[in-house]
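# Report on the structure
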Amino acid sequence: MRVAIFASGSGSNFEAIARSKELSEAGLEIELLVCDQKDAQVIKRAQKLKIPVFINQLTDFPDRGTYEQAIIEKLKPLKIEYILLAGYMRVVTEVLLSEYTNRIINIHPSLLPKYSGLDAIKRAYEANDEVTGVTIHYIDEGVDTGPIIKQSKVIRLKSDTESNLEDRIHQTEHQMYRQVVLDLLNKNNGVVE
Ligand code: GAR
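The structure presented is a predicted model; accordingly, all values stated were derived computationally and were not measured.

Cut-offs used in this document
- Residues numbered from 1 in each chain as written.
- Predicted model: local features only at pLDDT ≥ 70, side-chain atom pairs only at ≥ 80, totals over all residues.
- Heavy atoms only, no water.
- Helix = DSSP H or I, 4+ residues; strand = E, 2+ residues; numbered from the N terminus.
- Contact = heavy atoms within 4.5 Å.
- Core = buried A, V, L, I, M, F, W, Y, C linked by side-chain atoms within 4.5 Å.
- Buried < 20%, exposed > 50% of the residue type's maximum accessible area, 1.4 Å probe, protein only.
- UniProt positions renumbered as here; feature names shortened; annotations may be inferred.
- Salt bridge = Lys/Arg side-chain N within 4 Å of Asp/Glu carboxyl O.

### Structural notes on the environment of Asn188
Looking at the secondary structure, you find Asn188 in helix 7 (residues 162–188). Counting along the chain gives 187 residues from Asn188 to Met1, while the straight-line C-alpha distance between them is 8.0 Å. In contact with Asn188, not counting residues within four places along its chain, are Met1 and Tyr82.

### Some details on the nonpolar core
Core analysis: the biggest nonpolar cluster contains 36 residues, and Leu28 and Tyr177 have the highest contact counts within it. Sorting elements by how many residues they give to this core places helix 7 first, with nine residues. For Leu28, the residues in contact, after removing those within four places along its chain, are Met1, Val3, Ile17, Leu23, Val181 and Leu185. Counting 19 residues, the second largest nonpolar core, distinct from the first, contains Ile71, Ile72, Leu96 and Ile139.

### Focus: the UniProt feature "active site" (unreviewed entry) in the protein
When the UniProt feature table is mapped onto this chain numbering, "active site" (unreviewed entry) sits at His108. The class for His108 is buried, based on a relative accessible area of 3%. Non-local contacts of His108, meaning those with residues more than four positions away in its chain, are made with Tyr115, Ser116, Gly117, Ala120, Gly133, Val134, Thr135, Asp144 and Glu173.

### Overview of the pattern of salt bridges
Tallied over the entire structure, the rule returns eleven salt bridges. We note a salt bridge from Glu15 to Arg45, for which the minimum N-O separation is 2.9 Å. Note that Glu15 is positioned in helix 1 (residues 12–18) and Arg45 in helix 3 (residues 41–48), a separation of 30 residues in sequence. Between Asp36 and Arg90 there is a salt bridge whose closest N-O contact spans 2.8 Å. Of this pair, Asp36 sits in the loop between strand 2 (29–35) and helix 3 while Arg90 sits in the loop between strand 4 (82–85) and helix 5 (94–99); the two residues are 54 residues apart in sequence, bridging distant segments of the chain. Under the relative-accessibility criterion, Asp36 is labelled buried at 3%. Judged by relative accessible area, which is 27%, Arg90 ranks as partly exposed. Three or more residues joined by partner-sharing salt bridges are found here, namely Arg2, Glu29 and Glu31.

Shown next as structure tokens:
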């Protein structure tokens, strides 16, 4: 299964997927990292892992449609089947959605629909929520909306700082994203669970 991963920041989810032997053995092929921030740390992670990077910045285009069209031109020859958003901090428009209908997956650090958008972990922490979590879902044109594939809870401990909580959420994210991609690979390989 040929995928492109889209990311804007640190890239820990990208790396968790890219380093998974289980996923590569099950047939995952990461053809490209698409990044919209030229200084993002995820670019260095991709270079270390020898995964090609396409840096594509919205500021270089007149609008979001032409920005996404440039991504499509890059993905098409690579025969990309799925797009995995991993900390890609942009709303995807109809241009990309219509080209990859039901084939774009996103991860978000909250139990959606709660805390969609930016700073989800911080907002759950500041609200003193006892339970927060992670959602993986297919996307639509909304902000962190679309059919949910999997959700997992993360319990806030009394001793948690925001940073501890964030670390545990990231650990949960890495496990969950690997599992969801593995399930997808198995489904596409005809393995019924
Ligand atoms: C992750 O927590 C991901 O869920 C979040 O960005 C972080 C990226 O971390 N995504 C969103 O908030 C999407 N709305 P990473 O760069 O270390 O993978």
